[in-house]
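The primary structure of each chain is shown beneath.
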Amino acid sequence: MTDINLNSIKSEIKTMRTVLTVFTILHIVYFLFSIMSLNSDLMNIIWTIILVIFYFNYILFIWRMPLDKFDKWTETIMACIFGLFAMWVWVQFNRIEKN
């Protein structure tokens, strides 16, 4: 593995770590908004956009890693399945919470 490739991977991992930290903080803020009944339809739309951007960024991260094509496709399909499942659970929980 070349030095340039190794630096690129380190940079990507550092970026993903930052994205995950911000994403975790946003989850905490969203949870606090839910507890304080500040949860609104606008907030849900914004949160959905943030989730889609996060999953898109995560899939791009997978495809930038030095894996073979089969592993990249497998990881991408798993991320999509679990991402859709997580968003579906979130929508169901939101409906229950509103009732």
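Residues numbered from 1 in each chain as written. Predicted model: local features only at pLDDT ≥ 70, side-chain atom pairs only at ≥ 80, totals over all residues. Heavy atoms only, no water.

A look at the overall build of the protein chain
Phase 1: Per the secondary structure count, the protein chain includes three helices and zero strands.
Phase 2: The N-to-C order of helical and strand elements in the protein chain reads α-α-α.
Phase 3: For the protein chain, the residues scored as buried account for 22% of the 99 residues in total.
Phase 4: For the protein chain, contacts bridging at least 24 residues in sequence account for 61% of all contacts bridging at least 6.
Phase 5: On the protein chain, roughly 7600 Å² of surface is accessible, and the fraction owed to carbon and sulfur atoms is 74%. (Helix = DSSP H or I, 4+ residues; strand = E, 2+ residues; numbered from the N terminus. Buried < 20%, exposed > 50% of the residue type's maximum accessible area, 1.4 Å probe, protein only. Contact = heavy atoms within 4.5 Å. Areas by Shrake-Rupley, 256 points an atom, 1.4 Å probe, with all protein chains shown as cover.)

Remarks on the nonpolar core
Phase 1: Listed in full, the six residues of the largest apolar core are Phe 23, Tyr 30, Met 43, Trp 47, Leu 51 and Phe 54.
Phase 2: Mapped onto this core, the elements with two or more residues apiece are α1 (3-35) and α2 (41-64).
Phase 3: If one sorts the elements of this core by residue count, α2 sits on top with four residues.
Phase 4: In this structure Phe 54 touches Val 19, Leu 20 and Phe 23, once residues within four positions along its chain are discounted. (Core = buried A, V, L, I, M, F, W, Y, C linked by side-chain atoms within 4.5 Å.)

Structural notes on the packing of aromatic side chains
Phase 1: The tally for this structure, following the rule as stated, stands at three aromatic pairs.
Phase 2: Clustering of aromatic rings is evident, with ring pairs tying together Phe 23, Phe 54 and Tyr 55. (Phe/Tyr/Trp six-rings, centres within 6.5 Å; stacked < 30°, edge-to-face > 60°.)

Observations concerning the side chain of Lys 72
Phase 1: Positionally, Lys 72 belongs in helix α3 (residues 69-98).
Phase 2: No salt bridge is formed by the buried Lys 72; the nearest opposite charge belongs to Asp 68, separated by 8.4 Å.
Phase 3: Within the structure, Lys 72 has its side chain in polar contact with the backbone oxygen of Trp 63 (distance 3.2 Å).
Phase 4: Every residue in contact with Lys 72, bar those within four places of it in the chain, is listed here: Ile 62, Trp 63, Met 65 and Leu 67. (Lys, Arg positive; Asp, Glu negative; His and termini not counted. Salt bridge = Lys/Arg side-chain N within 4 Å of Asp/Glu carboxyl O. Polar contact = N/O pair within 3.5 Å; in protein donor to acceptor, adjacent residues only side chain to side chain.)

Comments concerning a nonpolar patch on the surface
Phase 1: There is a patch of nonpolar side chains on the surface, built from Trp 73, Ile 77, Met 78, Ile 81 and Phe 82 and spanning about 550 Å² of accessible area.
Phase 2: Of note, Met 78 is situated in helix α3.
Phase 3: Assessed through its relative accessible area of 41%, Met 78 is described here as partly exposed. (Patch = residues over 30% accessible without salt bridge, like charges linked within 9 Å, V, L, I, M, F, W, Y side chains within 5 Å.)

Nothing here speaks to function; it is geometry throughout.
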